[in-house]
Amino acid sequence: MTNPDQERKEHAPRDAKIIEEILKSMGVQSWEPRVVNQLMEFLYRYTSEVLQEAQVYSEYSGRQHVEVDDVKLAVRAVCSKSFTTPPSREVLRQLSQARNSIPLKPIEGRTGLRLPPEEFTLTTPGWQVRLPQPVAESFDTAVPMDMGKSPLPKALAKDQPLPDGAKVAFGWKTPSK
């Protein structure tokens, strides 16, 4: 029996094998096969974009063949359009000094866990109140709720308290047999 990973490596394109060798030379010990596919996709897309741009420059200058200078210019144009360079250390230093010159608010002298206000947390439940609906006797006669309309009566739709004795359901009730 052959190993599926070994068989996949034997039938892999030459460019995929080269990318795997580059990953190994950089000290990467393991990776998912999708990583190689993603890097190949990036490589092909970048190369084709550079060559198309070089061809446009060559046609603009009146030549029929692409020259090295056209490719160099295309590489610079694609890199300036696709990739951003990080700001210099001096710019970062100036930004950090400006930001750090503003003092922080003093910490309140209370004990316990300090959490942000409820409206800024993602842990609050996102429940929508739905009044109970009559349950059909079987699935054949069950009619689903119209999702375009609010299940709440107009009196309850504006954050008003529920009337006395009203029951609230949090979900879709399935018919019982």
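Scroll up a little and you will see the structure.
Since the structure is predicted, the reported quantities are computational estimates derived from the model, not experimental observations.

(A) Seen up close, the overall build of the protein. What the protein contains, in helices and strands, is five helices and zero strands. Shown N-terminal to C-terminal, the secondary structure of the protein runs as helices and strands in the order α-α-α-α-α. Looking at the 177 residues of the protein, the share that counts as buried comes to 11%. A separation of at least 24 residues holds for 47% of the contacts in the protein among residues at least 6 apart in sequence. A total of about 16,300 Å² of accessible surface is found on the protein, and carbon and sulfur atoms cover 57% of it.

(B) A look at the packing of helix α3 (residues 33–60) against helix α4 (residues 68–82). As a packed pair, α3 and α4 sit with axes 8 Å apart at the nearest point and diverge in direction by 125 degrees. Relative to α4, the element α3 lies oblique. In this structure, α3 meets α4 at a crossing whose hand is right-handed. Of α4, the residues touching α3 (which contributes Y46, E49, V50, E53, A54, Y57 and S58) are D70, V71, L73, A74, V75, A77, V78, C79, K81 and S82.

(C) Spotlight on the packing of aromatic side chains. Tallied over the full model, the rule gives one aromatic pair. Centre to centre, the rings of F42 and Y46 are 6.1 Å apart; their planes meet at 15 degrees, and the pair counts as stacked. Of this pair, F42 and Y46 are both found in helix α3, four residues apart, which corresponds to roughly one turn of the helix. Residue F42 is classed as partly exposed on the basis of its relative accessible area, which comes to 45%. Classification of Y46 as partly exposed rests on a relative accessible area of 22%.

(D) Seen up close, the nonpolar core. Core analysis: the biggest nonpolar cluster contains six residues, these being A12, A16, I19, L23, V36 and M40. For this core, the elements supplying multiple residues, two or more each, are α2 (14–25) and α3. With three residues, the single largest contributor to this core is α2. Apart from the residues within four sequence positions on either side, A16 is in contact with V36 and M40.

(E) Fine view of the pattern of salt bridges. Here the structure, examined in full by the defined rule, presents eight salt bridges. For E21, the salt bridge goes to K24, with nearest N and O atoms at 3.8 Å. Linking E21 with K24, this pair stays in helix α2, spanning three residues, or about one helical turn. The salt bridge partner of E90 is R93, with a shortest N-O separation of 2.4 Å. Here R93 and E90 lie together in helix α5 (residues 89–100), a separation of three residues that amounts to about one turn.

(F) Structural context of a nonpolar patch on the surface. Judged by side-chain polarity, I18, I22, M26 and V28 come together as a nonpolar surface patch covering roughly 360 Å² of accessible area. With respect to the secondary-structure elements, I18 resides in helix α2. Given the relative accessible area of 38%, I18 is considered partly exposed.

(G) Structural view of the side chain of S58. Within the secondary structure, S58 is located in helix α3. A polar contact is formed between the side chain of S58 and the backbone oxygen of H65, at a distance of 2.8 Å.

What counts and what doesn't
Residues numbered from 1 in each chain as written. Predicted model: local features only at pLDDT ≥ 70, side-chain atom pairs only at ≥ 80, totals over all residues. Heavy atoms only, no water. Helix = DSSP H or I, 4+ residues; strand = E, 2+ residues; numbered from the N terminus. Buried < 20%, exposed > 50% of the residue type's maximum accessible area, 1.4 Å probe, protein only. Contact = heavy atoms within 4.5 Å. Areas by Shrake-Rupley, 256 points an atom, 1.4 Å probe, with all protein chains shown as cover. Axes fitted to C-alpha atoms, helices over the stretch in contact; angles between N-to-C directions. Parallel < 35°, antiparallel > 145°, perpendicular 65-115°, else oblique. Left-handed = near helix turned anticlockwise from the far one by under 90°. Phe/Tyr/Trp six-rings, centres within 6.5 Å; stacked < 30°, edge-to-face > 60°. Core = buried A, V, L, I, M, F, W, Y, C linked by side-chain atoms within 4.5 Å. Salt bridge = Lys/Arg side-chain N within 4 Å of Asp/Glu carboxyl O. Patch = residues over 30% accessible without salt bridge, like charges linked within 9 Å, V, L, I, M, F, W, Y side chains within 5 Å. Polar contact = N/O pair within 3.5 Å; in protein donor to acceptor, adjacent residues only side chain to side chain.

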